[in-house]
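# Breakdown of the fold
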Amino acid sequence: MQIVKYVFQPHGDDRGQLVALEEYRDIPFEIKRVYYMYDTVAGVVRGKHAHRTLEQILVCIHGSCKVRLDNGYEKKIIPLERPYEGLYIANNMWREMYDFSPDAVLMVLASDMYDEQDYIRDYDDFINCVKNKSLKKI
Ligand code: T46
């Protein structure tokens, strides 16, 4: 599984750092939605779903967390601990976010509006979906 991590350009000077994200320039899709999570309770695992079409970039802009990605064949764990790094998550990818530091703020840039129909929340459904898609490719 190929992990796509973007390293954004920090514009630093003697006042501190600033990162700017522009669609199609720094982010490979039109940004239709931004959301973020914070005050995540210790030990919690968020996500536990895949998306049919949605693409996203996750940036832990404060603190740290880990993301487990699963494409149905392979799993990888990616630590997010720098405010200038973004993890790209394509569609049809099971994701779990966990190990949040108490001060973690995880920001997500999304390619589309919120749509519950786009979620695959059952792991067996996700596996069936992935396997059916690779069968169609043959
Ligand atoms: C994802 C991971 C990385 C909204 O009303 N609008 C929104 O745009 C979002 C994202 C959520 N919500 C509501 C729906 C739920 O009542 O906020 C509540 C928590 O959402 P959810 O349980 O889906 O949050 P996570 O952290 O499990 O997953 C989220 C995104 O939903 C998901 O697309 O990929 O972050």
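Reading guide: rules and limits
- Every chain is numbered on its own, with residues counted from 1 as its sequence reads.
- Two thresholds apply to this predicted model, a pLDDT of at least 70 for residue-level local features and 80 or more for giving and counting side-chain atom pairs, whereas whole-chain, interface and lining totals are computed over all residues.
- The basis for every side-chain value is the complete set of heavy atoms in the structure, and neither hydrogens nor water enter the calculation.
- We call two strands paired when DSSP finds no fewer than two bridges between them.
- Numbering of helices and strands runs from the N terminus; a helix is a DSSP stretch of H or I covering at least four residues, while a strand is a stretch of E covering at least two.
- Note on method: axes are straight lines fitted to C-alpha atoms, helices fitted across the in-contact stretch only, with angles between N-to-C directions ranging 0 to 180 degrees.
- Each reported salt bridge corresponds to a side-chain nitrogen of Lys or Arg within 4 Å of a carboxyl oxygen of Asp or Glu.
- Each residue's exposure class comes from its accessible area (1.4 Å probe, protein chains only) as a fraction of the maximum for that residue type: buried when under 20%, exposed when over 50%, partly exposed otherwise.
- The cutoff for a nearby residue is simple: one of its non-hydrogen atoms must lie within 4 Å of the molecule or strand.
- For the purposes of these results, a polar contact is taken to be a pair of N or O atoms within 3.5 Å, where, inside protein, one atom must be able to donate a hydrogen and its partner to accept one; residues adjacent in sequence count only when each atom of the pair is a side-chain atom.
- Per-residue accessibility takes into account occlusion by the displayed protein chains alone, with areas from the Shrake-Rupley method and a 1.4 Å probe.
- Three categories are distinguished: nonpolar for Ala, Val, Leu, Ile, Met, Phe, Trp, Tyr, Cys and Pro, charged for Asp, Glu, Lys and Arg, and polar for the others, with Gly belonging to the last.
- Any two of the Phe, Tyr and Trp rings considered here, Trp counted by its six-membered ring, make a pair once their centres fall within 6.5 Å; the pair's planes then place it as stacked at under 30 degrees, edge-to-face at over 60, or tilted in between.

Another aspect to go through is the sheet that holds strand 9 (residues 105-110). Pairing is antiparallel across the open sheet formed by five strands, whose spatial order is 1-7-4-9-2. A single partner strand is all that each edge strand has here, and the edge strands are strand 1 (4-7) and strand 2 (33-37). Between one strand axis and the next, the sheet turns by 25° as a mean value, whatever way the strands run.

Attention shifts here to the pattern of salt bridges. With the rule as written, the count across this model stands at nine salt bridges. Where Glu85 meets Lys5, a salt bridge forms, and the shortest distance between an N and an O atom there is 3.1 Å. Remark: Lys5 occurs in strand 1 and Glu85 occurs in strand 7 (residues 85-89); sequence separation between them is 80 residues. For Arg121, the salt bridge is made with Glu116, and the minimal N-O distance between the two is 2.9 Å. Under the relative-accessibility criterion, Glu116 is labelled partly exposed at 37%. One salt-bridge network, in which partners are shared between bridges, spans Lys5, Arg82 and Glu85.

Here the focus is the site of the ligand. Neighbouring the ligand are 13 residues; Arg33, His51, Gln56, Arg95 and Tyr119 lie closest to it. Within the side chain of Tyr35, an N or O atom sits 3.2 Å from an oxygen atom of the ligand. In this structure, an oxygen atom belonging to the ligand sits 2.8 Å away from a main-chain N or O atom of Gly47. When the free accessible area of the ligand is taken as 650 Å², the share hidden by the protein chains comes to 67%. Those elements giving two or more residues to the shell around the ligand turn out to be strand 2, strand 3 (46-51) and strand 8 (94-98). For the shell around the ligand, the element with the highest residue contribution is strand 3, accounting for four residues. Taken together, the residues of the shell around the ligand sort by class into five nonpolar, four polar and four charged.

A few words now on the packing of aromatic side chains. Enumeration over the complete set of coordinates arrives at six aromatic pairs. Both rings, one in Tyr6 and one in Phe8, keep their centres 6.5 Å apart while their planes meet at 10°; by these two values the pair is stacked. With relative accessibility at 25%, the residue Tyr6 sits in the partly exposed group. When its relative accessible area of 4% is taken as the criterion, Phe8 is described as buried. Ring plane angle 65° and centroid distance 5.8 Å describe the contact between Tyr114 and Tyr119, whose orientation is recorded as edge-to-face.

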